[in-house]
Amino acid sequence: MSWDEKLLKQAKKIIKLYPQKRSALGPLLHLAQSKDGYISDDSISVISELVGITEVQVKSVSTFYSMYKQEPTGKYLLSVCKSISCEINNSSEVIKKVQEFTGLNNNETDEDGFFTFEAVECIGACGGAPAMQVNYETVEGLTAENAINLCSWLKEKQPDIVVADDMQEDFGGVKSFDWAISDSTGATSTAPGFQTLKTTKVKK
Amino acid sequence: MKETILLTKHMRDNPEDSHLIESYEKNNGYATARNTLLSSSPENILEEIKSSNIRGRGGAGFPTGVKWGFLAEDEDRYLVINADESEPGTFKDRILLERDPHQLIEGIIITCFSANIKEAFIYIRGEYAKPARRVQQAVEQAYEKGYLGKNIFGSEMDLDIVVHLGAGAYICGEETALLNSLEGRRGEPRLKPPYFPAVKGLYMKPTLVNNVETISSVPWIIEHGGEEYNKLGVEGSTGTRIFSLSGHVNNPGNYEIEMGSSFGEFVDTLGAGIRNNKKVKAYIPGGASAPWFRGDQLDIKMTIDDVANNNSMLGSGAVVMMDEDTNLVSAAKSIVSFFAHESCGQCTPCREGTTWLEMILDRIASGRGRTSDINLLLDVCDNISPGLSWPPKMTTICPLGPSAVSPITSLMNDFRDEVEDLIPTKVLL
């Protein structure tokens, strides 16, 4: 097994939350994603032992869900929404410009492992269309220009914690609703930033 | 037209800290749950929910009291909150999770008291990381206060809540797929019968699966009584409901209203009309799965039954306005692509059909359509949902496949010219 003690301890803590071990499979795959930026063969073997199912069963679940990446992702996962409300609010232009800026096709990662680009289905930001997420932190009310500015900013600042409120303030526009609560917590990897997974931190 | 504020009251009155337990309690939060546990009975709660006539807010609109009544007897029973909000156009659960998570937890406590449940799960879509963090923080605060865990409020009741993150699969909003996902399996819907969640749900035990908005409504209903709730709205669509308005409107957003006004009034008042004074060409009344209405059908009333009688559905309460300049073929293609991407692949008509529909629509939208494509589109639709009727006839385990048919029948019934205009007449096959 090549997960370190700390990660294994956390995995066991997650397993204890559920009446049956296998229910922890989803969260453990998120954990694997946060560790390597994708679901490595190594993680599959560790998880299969932890949960008590075969590696094939783990792989079969891992490949079903779009958030578990089968190949390494960059430091920042850029997910631009293309579903109906964004589509009719010109998301195709945002997608085009972000692709031009990063030089990436759909589901590609650049050579220096910085950006992964994907055009995704509805992220629940329809009132602030067009919208995108960076490591699952949402920015709403984008323009193509601001999307590029956001990518340039990521390139320049390389923040270790991606905070939605920061990005929204500098690059966002119309929001789906008033966010109201000021929040400086964010994501630390290409897995969703969530306490139980320890993939979130508060920016000081 | 004005909003009627029940569910969104606390977050509006306390915008900056509505997510914290201190703020929630200062505004009488958890008092209803406490009173319920200490002085009410499970039967009373169920009666209140039944008399409120609230119908599920996830999309299907099933009467909540009836659903609770179906729950089979067993030592182990579970409550699963469906927070996998992924229907394109919908963002109303997001605001409830982000800005008032304690209202949901209070609703869960009361629901579990009524249904004698000791373990609840909140299944939140993975892309809702921020809402999930708020809910997790709220759950931890509730444990610290003794509102979750053992002997809640000093009563006999024990309850644990686990916040579970999904991983990007729309199909997990379908309740049996959600249960599979929560069991650590592929999110593939189960056959009903025999797998009705109320009988054979999570771990094959009786399970209630309810939407975030439904359970967030429970504290108000219990505090004020089912009869009071039943007075709001109209018969068959009682209470308030949060509609997510998006598309080409001046003021997109979430609006809590009593059902019964017309879509036109809703858009013109709360939505402040269509941008640049344009006209509505078509609109989606209840999320991407719902057949569209034309711009001359804005007088239809926003109730579950009125929309159903006009051959569509109020669904998840997502209203998407498309103005006169909208390319409806591209719009339909976006929706069909969504379903093609989200098909779980179990049933052939859906797996193959949605992919074909996407391919043909893409061909038409890019000017490479063939004259035979219109009939081909309809034929594929007919294979997914025979007769193209509404509500759809099913050839599949769940309604995802038939949902992809909705935008195409809308196009063909009302906007066929727009499709035909894109097909070059020279290419005759």
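Given the structure is predicted, the values throughout are model-derived calculations rather than measurements.

### Some points on the packing of aromatic side chains
Argument step 1. Tallied over the full model, the rule gives 22 aromatic pairs over all chains.
Argument step 2. Seen in terms of ring centroids, A:F64 and A:Y65 are 5.0 Å apart; in terms of plane orientation they differ by 70 degrees. Their pairing is edge-to-face. Pair check on accessibility: A:F64 and A:Y65 agree, each one buried.
Argument step 3. When the centroid spacing of 5.2 Å and the interplanar angle of 80 degrees are considered together, the rings of B:Y24 and B:Y30 count as edge-to-face.

### Description of the environment of A:V134
Residue and element names in this part refer to chain A.
Argument step 1. Along the polypeptide, V134 turns up in strand β4 (residues 132-134).
Argument step 2. The class for V134 is buried, based on a relative accessible area of 0%.
Argument step 3. Taking the C-alpha atoms as reference, V134 lies 9.7 Å from F115; in sequence the two are 19 residues apart.
Argument step 4. Apart from the residues lying within four places of it in its own chain, the contact partners of V134 are Y76, L77, L78, L150, L154, V162 and M167.

### Remarks on a negative patch on the surface
Residue and element names in this part refer to chain A.
Argument step 1. A surface patch of negative charge is lined by D41, D42, E49 and E55.
Argument step 2. It is helix α3 (residues 41-51) that provides the largest number of residues to the negative patch, a total of 3 residues.
Argument step 3. With respect to the helices and strands, E55 occurs in helix α4 (residues 55-62).
Argument step 4. On the accessibility criterion, E55 (43% relative accessible area) is partly exposed.

### As for the interface of chain A and chain B
Argument step 1. Contacts between the two partners involve 54 residues from chain A and, on the opposite side, 69 residues from chain B.
Argument step 2. Buried area between chain A and chain B, both sides added, is near 4800 Å², and the carbon and sulfur share of it is 57%.
Argument step 3. Taken together, the links from chain A to chain B amount to 4 salt bridges.
Argument step 4. For B:R94, the salt bridge goes to A:E140, with nearest N and O atoms at 3.1 Å.
Argument step 5. At the surface where chain A touches chain B, the tally comes to 28 residue pairs in polar contact (both at pLDDT 80 or more).
Argument step 6. Secondary-structure elements contributing two or more residues to the side of chain A that touches chain B are α2 (25-36), α4, α5 (84-87), β5 (137-139) and β6 (185-187) of chain A.
Argument step 7. For the side of chain A that touches chain B, the class distribution of residues is 25 nonpolar, 20 polar and 9 charged.

### Describing a positive patch on the surface
All names here are of chain A.
Argument step 1. Residues K6, K9, K13, K198, K201 and K204 make up a contiguous surface patch of positive charge.
Argument step 2. The element contributing the most residues to the positive patch is helix α1 (residues 5-16), with 3 residues.
Argument step 3. Its location among the elements puts K6 in helix α1.
Argument step 4. In this structure K6 comes out as exposed when scored by relative accessible area, which is 71%.

### Digging into the sheet that holds strand β3 (residues 160-165) of chain B
Residues and elements named next belong to chain B.
Argument step 1. The strand order across the open sheet formed by 4 strands is β3-β2-β1-β4, and the pairing between neighbours is parallel. The sheet terminates laterally at β3 and β4 (207-211), the two strands that pair on one side only. Averaged over all pairs of adjacent strands, the angle between strand axes in this sheet comes to 20 degrees, irrespective of strand direction.
Argument step 2. Where strand β1 (residues 78-83) and β4 come together, 5 bridges link them in parallel fashion. By the bridge assignment for β4, L79 is matched with L208.

### Some details on the domain arrangement of chain B
A common way to report how large an interface is uses the accessible area buried once the components associate.
Residue and element names in this part refer to chain B.
Argument step 1. Entries for chain B in the domain assignment read domain 1 (9-231), domain 2 (234-323) and domain 3 (328-422).
Argument step 2. For domain 2 versus domain 3, the distance between C-alpha centres works out to 23 Å.
Argument step 3. In this assembly, 13 residues from domain 2 lie in contact with 14 residues from domain 3.
Argument step 4. Together, the buried faces of domain 2 and domain 3 total about 1200 Å²; carbon and sulfur atoms form 69% of this surface.
Argument step 5. Per-residue buried area on domain 2 facing domain 3 is highest for K281, S289 and W292; these three make up 48% of the total on that side.
Argument step 6. Linking domain 2 with domain 3 are 2 salt bridges, by the criterion used here.
Argument step 7. A salt bridge links D414 to R294; the nearest nitrogen and oxygen atoms lie 3.1 Å apart.
Argument step 8. Put simply, domain 2 and domain 3 have 6 residue pairs in polar contact (both at pLDDT 80 or more) between them.
Argument step 9. Ranked by the residues each element gives to the side of domain 2 that touches domain 3, the list is headed by strand β9 (residues 280-284), at 3 residues.

### Overview of the environment of B:E324
Residue and element names in this part refer to chain B.
Argument step 1. Mapped onto the secondary structure, E324 falls in the loop between β11 (318-323) and α14 (328-342).
Argument step 2. Relative accessible area serves as the criterion here: at 37%, E324 is assigned to the partly exposed category.
Argument step 3. For the pair formed by E324 and A282, sequence separation is 42 residues and the distance between their alpha carbons is 7.9 Å.
Argument step 4. Setting aside its immediate chain neighbours within four residues, E324 contacts K278, K279 and K281.
Argument step 5. In terms of polar contacts, E324 uses its side chain to reach the backbone amide nitrogen of K279, at 2.6 Å.

### Here we look at the pairing of β1(B)
Residues and elements named next belong to chain B.
Argument step 1. With respect to burial, β1 is a largely interior element, 6 of its 6 residues being buried.
Argument step 2. Here β1 shows no split at all, with Y78, V80 and N82 on one side and L79, I81 and A83 on the other all buried.
Argument step 3. In the sheet, β1 pairs with strand β2 (residues 119-124) via 6 bridges, with the strands oriented parallel. Paired with Y78 across the two strands is E119, which belongs to β2.

### Thoughts on unusual backbone geometry
Argument step 1. With omega at -5 degrees, the peptide bond leading from A:A129 into A:P130 counts as cis.
Argument step 2. Tracing the backbone through its elements, the reader meets A:P130 in the loop between β3 (115-120) and β4.
Argument step 3. Omega for the peptide link from B:W390 to B:P391 comes to -5 degrees, which places this bond in the cis form.
Argument step 4. Checked against the element boundaries, B:P391 lands in the loop between α16 (373-384) and α17 (400-414).
Argument step 5. Not every positive phi belongs to a glycine, and A:N135 is a case in point at roughly 50 degrees.
Argument step 6. Judged by its relative accessible area of 2%, A:N135 is buried.
Argument step 7. Even without a glycine there, the phi angle at B:Y30 is positive, about 70 degrees.
Argument step 8. Among the secondary structure elements, B:Y30 is positioned in the loop between α2 (21-26) and α3 (31-39).
Argument step 9. You can call B:Y30 buried: its relative accessible area is 0%.

So, how was this worked out
Residues numbered from 1 in each chain as written. Chains lettered and ligands numbered in written order. Predicted model: local features only at pLDDT ≥ 70, side-chain atom pairs only at ≥ 80, totals over all residues. Heavy atoms only, no water. Phe/Tyr/Trp six-rings, centres within 6.5 Å; stacked < 30°, edge-to-face > 60°. Buried < 20%, exposed > 50% of the residue type's maximum accessible area, 1.4 Å probe, protein only. Helix = DSSP H or I, 4+ residues; strand = E, 2+ residues; numbered from the N terminus. Contact = heavy atoms within 4.5 Å. Patch = residues over 30% accessible without salt bridge, like charges linked within 9 Å, V, L, I, M, F, W, Y side chains within 5 Å. Areas by Shrake-Rupley, 256 points an atom, 1.4 Å probe, with all protein chains shown as cover. Salt bridge = Lys/Arg side-chain N within 4 Å of Asp/Glu carboxyl O. Lys, Arg positive; Asp, Glu negative; His and termini not counted. Charge placed at Lys NZ, Arg CZ, Asp CG, Glu CD. Buried area = accessible area lost by both parts, 1.4 Å probe. Polar contact = N/O pair within 3.5 Å; in protein donor to acceptor, adjacent residues only side chain to side chain. Nonpolar A, V, L, I, M, F, W, Y, C, P; charged D, E, K, R; others polar. Pairing = 2+ DSSP bridges. Axes fitted to C-alpha atoms, helices over the stretch in contact; angles between N-to-C directions. Domains from an automatic or database assignment.

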